[in-house]
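The chain contents come next:
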Amino acid sequence: MNSNDLKANLINLLKEVNCVKFGEFTLASGKKSDYYVDIKKATTNPKVLKAVAKLTAKLCEEFKENEEYENLKVAGVELGSVSIATAVSLELEKDLLIVRKKAKSYGTKNKIEGELNPNDNVIVMEDVTTTGGSVLKAVEELKEANANVKAVFVIVDRLDGADELMKENNVRFIPLVKVNELKD
């Protein structure tokens, strides 16, 4: 399947699991909205996870051409993006990283779990973006650990500023689906 077919399949699956709700909602960013993307309904569904993994893998093929694929790793932000990153990690057969929001207060006290070496290439998986602030924090954590963040992939972009924020911070932003593609 080509990327357009994979994307159409993902859109159909997201609609099937009814992950867009209409009404009055307060988002994590504090903004009010007349719709809500209940992405957990999607990211706990094996068919959706498989579709996300296949589409992301297809879009990552260009990294193979640029020799960025050899030491590529897949990162997910706890908790919402870990299942997504795991599915993509399995599809690509690349190591998984988990970026914690806060370091543990015990044990290793790591903020990044998994094997991350200086100059490893990393793609970051996110479930939904509004302004992009939370995923940018994860990108910054990875960069502080000397990772080369190649791109942020998001299942659904709400078209509320994440793209602009990523551009301002020189981060390639790849939404698999834009919210307006789910509204019809």
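Placed above this text is the structure.
Scoring rules and cut-offs
Residues numbered from 1 in each chain as written. Predicted model: local features only at pLDDT ≥ 70, side-chain atom pairs only at ≥ 80, totals over all residues. Heavy atoms only, no water. Helix = DSSP H or I, 4+ residues; strand = E, 2+ residues; numbered from the N terminus. Rg over C-alpha atoms; globule rule 2.2 N^0.38 Å. Buried < 20%, exposed > 50% of the residue type's maximum accessible area, 1.4 Å probe, protein only. Contact = heavy atoms within 4.5 Å. Lys, Arg positive; Asp, Glu negative; His and termini not counted. Charge placed at Lys NZ, Arg CZ, Asp CG, Glu CD. Pairing = 2+ DSSP bridges. Axes fitted to C-alpha atoms, helices over the stretch in contact; angles between N-to-C directions. Core = buried A, V, L, I, M, F, W, Y, C linked by side-chain atoms within 4.5 Å. Expected span 1.5 Å × (residues − 1).

(A) View of the overall build of the protein chain. The secondary structure content of the protein chain amounts to 7 helices and 8 strands. Relative to the globule expectation of 16 Å for 184 residues, the C-alpha radius of gyration of the protein chain, 16 Å, shows essentially globular dimensions. In terms of overall dimensions, the protein chain has C-alpha extents of about 45 × 40 × 30 Å along its principal axes. By residue count, 48% of the 184 residues in the protein chain fall in the buried class. When contacts within the protein chain are restricted to residue pairs at least 6 apart in sequence, those whose partners lie at least 24 apart make up 63%. Taking the 28 positively charged and 30 negatively charged side chains of the protein chain as two groups, their mean positions are separated by 5 Å.

(B) Representation of the pairing of strand E2 (residues 32-37) within the structure. As defined by bridge partners, strand E1 (residues 20-26) adjoins E2 across 5 bridges and the pair is classed as antiparallel. What sits directly across from Phe 22, in E2, is Tyr 35. With antiparallel pairing between neighbouring strands as the criterion, E1 and E2 make up a hairpin whose turn holds 5 residues, including Gly 30 at a positive phi of roughly 95 degrees.

(C) The arrangement of the sheet that holds strand E5 (residues 112-113) in detail. Strand order in the open sheet formed by 6 strands is E5-E4-E3-E6-E7-E8, with mixed pairing between adjacent strands. In the strand order of this sheet, the two ends are held by E5 and strand E8 (173-178), each with one partner. Bridging between strand E4 (residues 96-99) and E5 involves 2 bridges; their strand directions are antiparallel. When the bridges of E5 are listed, Ile 98 appears paired with Glu 113. In the packing of helix H5 (residues 82-92) onto the sheet, contacts are made with strand E3 (72-77), E4, strand E6 (121-129) and strand E7 (148-157), and the angle to E3 comes to roughly 165 degrees.

(D) Broad picture of unusual backbone geometry. Residue Leu 79 follows Glu 78 across a cis peptide bond; omega there is -10 degrees. Counting through the fold element by element, Leu 79 comes out in the loop between E3 and H5. Of note, the phi angle at Asn 18 is positive, near 55 degrees, even though the residue is not glycine. Inspection of the secondary structure assignment puts Asn 18 in the loop between helix H1 (3-16) and E1. What makes Asn 18 partly exposed here is its relative accessible area of 42%.

(E) Here's a closer look at the environment of Ile 112. Examined against the element boundaries, Ile 112 turns out to sit in strand E5. Beyond its immediate stretch of four places on either side in the chain, Ile 112 contacts Leu 97, Ile 98, Glu 141, Leu 142 and Ala 145.

(F) Looking closely at H5. Of all the positions in H5, only Val 82, Ile 84, Ala 85, Ala 87, Val 88, Ser 89 and Leu 92 are classed as buried. In this structure, the buried residues of H5 make contact with helix H2 (39-43), helix H3 (46-59), E3, E4, E6 and E7.

(G) Representation of the nonpolar core. Counting residues in each nonpolar core, the largest one holds 41 residues, and the members touching the most others are Leu 14 and Ile 123. The dominant element in this core, judged by the number of residues it contributes, is H3, at 7 residues. Setting aside residues no more than four positions away along its own chain, Ile 123 makes contact with Thr 56, Cys 60, Phe 63, Leu 72, Lys 73, Val 74, Ala 75, Val 88, Leu 92, Lys 150, Ala 151 and Phe 153.

(H) Region of interest: helix H6 (residues 133-144). Relative to the 16 Å expected for 12 residues at 1.5 Å per residue, H6 spans 17 Å between its end C-alpha atoms, a close match to the ideal helical length. Here H6 has its buried residues at Val 135, Leu 136, Ala 138, Val 139, Glu 141 and Leu 142. Residues of H6 that are buried in the fold lie against E3, E4, E5, E6, E7 and helix H7 (162-168). With its phi angle positive at about 70 degrees, Asn 146 sits one or two positions after the end of H6.

(I) Here's a closer look at the environment of Lys 178. Looking at the secondary structure, you find Lys 178 in strand E8. Of the residues examined, Lys 178 reaches a relative accessible area of 37% and is grouped as partly exposed. Counting along the chain gives 159 residues from Lys 178 to Cys 19, while the straight-line C-alpha distance between them is 13 Å.

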